[in-house]
Amino acid sequence: KTERIEKLIALQERILSHMPTGLLAVDASMRIGFVNSAAEHLLGIRAEEVSGKLVSEVLSGLLPFFDVTGSVSSHSRLQQVVEVQLGTNKQLLRGDVAMLKEGEAFGALLHGEAVEGCVLLFQDVTKLISLEDKIRQNEKLAAVGQLAAGIAHEIRNPLAGMSASIEMLRSSLPKEVVAGENLKLMDIAIREIDRLNRLITDFLDYVKPQKTAAEKVDVRKQISEVLFSLRTTQKPGVIQSLKGGIPIPASVELKENCPDPVFALASGEKLRQVLWNLIINAMQAMSQSGVVEVGCKNESEQLVKLWVRDQGQGLSEQALAHLYEPFFTTKEKGTGLGLATVYKLVEAFQGEIKVVSKQGEGTLFEVFLPRAGL
Ligand code: ADP
Ligand code: MG
């Protein structure tokens, strides 16, 4: 019998010291008894340093778990979360206090004597709680996003009506009226309507759910299509509205570098959107003439790579830090939604985006996408 009891005690000790939950035994006068290794780890203490000392002296942060008067309360408590300051960082502990009655086996946790006291069982829930907060925040954002998308959509129709009305006035009013100051005002109205339209288009692109079934996409074909439409629209006046009124030098050369067939698992439309955003940014980054190179290649068995390289101003520290954040822009008329959208699109296809930039020399955006089988 004695042997069995000894074995049981050994087992109990093994369990207590190996369990991931922190355990701290306290006697009726709030002196610390047994401390398991999880508790040592979670609280950053050593058992031999705190054993026999008062909780209020060495671990006052834990007092809220016990009775406020500092003595062991007679009833068990429900789980509670307490913020504990440990050294420089704050931790959130979730814990339970259980009473130890005289003569109970757990009483042995207190200096080997079967006296009254209690045990505190606790876990570190700092990460869990911040994760819960984040999820709640995301849910809120998703709801706000949906609302904003709905409103953005509704703004479009009246905008179209407004610019059509101004165009009508312009063509039906007598020539003498549509001149000078009046003409300028009409132009301003149309330009501002254009700008709002662009912002709304970019915004809706950004919030649109990006879940699209991936299919086999001919990357070379998408690149040459985008470059073709950019080249043909790059006439004075046309590009003005395309580019959101941000000037690009007239002599930007668009170079294609796709020697081999490349197939990705993505969506053609989304891929064009990615390319479009990256190339427009590249063109806008150049104040003088220069080359924008757009290329693709098979990177490995699993990946394809496409890239857009410019010889523009490069990215500032600040731009590097906030590049993919929605609404981050350094352009007077920018929306800051281009790269945020690119990021979301690439992510939706389990791809990756990398950027290399040198100030004054240029920027290289690389997009990696899963490779489609032949
Ligand atoms: P927007 O073009 O409306 O400003 P983007 O999300 O497309 O928004 O880009 C965000 C910012 O990142 C830009 O305002 C610019 O500062 C920087 N940026 C993006 N692409 C380039 C590039 N190729 N060269 C230099 N800066 C760039
Ligand atoms: Mg942009």
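Residues numbered from 1 in each chain as written. Chains lettered and ligands numbered in written order. Predicted model: local features only at pLDDT ≥ 70, side-chain atom pairs only at ≥ 80, totals over all residues. Heavy atoms only, no water.

**Notes on the site of ligand 1**
Here is step 1 of the chain: Lining the immediate surroundings of ligand 1 are 19 residues, of which Asn281, Asp310, Thr329, Thr330 and Lys331 lie closest.
Here is step 2 of the chain: Separating an oxygen atom of ligand 1 from a backbone N or O atom of Gly336 is a distance of 2.9 Å.
Here is step 3 of the chain: Out of a free accessible area of 540 Å², ligand 1 has 95% covered by protein chains.
Here is step 4 of the chain: Partitioned by chemical class, the residues of the shell around ligand 1 number eight nonpolar, nine polar and two charged. (Near = heavy atom within 4 Å. Polar contact = N/O pair within 3.5 Å; in protein donor to acceptor, adjacent residues only side chain to side chain. Areas by Shrake-Rupley, 256 points an atom, 1.4 Å probe, with all protein chains shown as cover. Nonpolar A, V, L, I, M, F, W, Y, C, P; charged D, E, K, R; others polar.)

**Re the sheet that holds strand β7 (residues 252-257)**
Here is step 1 of the chain: Taking strand neighbours across the sheet as the criterion, the five strands line up as β7-β9-β10-β12-β11 in an open arrangement whose pairing is mixed. Only two strands of the sheet have a single neighbouring strand rather than two, namely β7 and β11 (352-358). Strand-to-strand twist of the sheet, defined as the mean angle between neighbouring strand axes without regard to direction, takes the value 10°.
Here is step 2 of the chain: As judged from the six bridges shared by β7 and strand β9 (residues 290-298), these two strands associate in the parallel manner. Directly across from Lys255, in β9, lies its bridge partner Glu293.
Here is step 3 of the chain: Across the sheet, helix α9 (residues 268-284) lies against β7, β9, β10 (303-310) and β12 (362-370), angled at about 25° from β10, the strand it touches most. (Pairing = 2+ DSSP bridges. Helix = DSSP H or I, 4+ residues; strand = E, 2+ residues; numbered from the N terminus. Axes fitted to C-alpha atoms, helices over the stretch in contact; angles between N-to-C directions. Contact = heavy atoms within 4.5 Å.)

Purely spatial values, then, with no claim about function.
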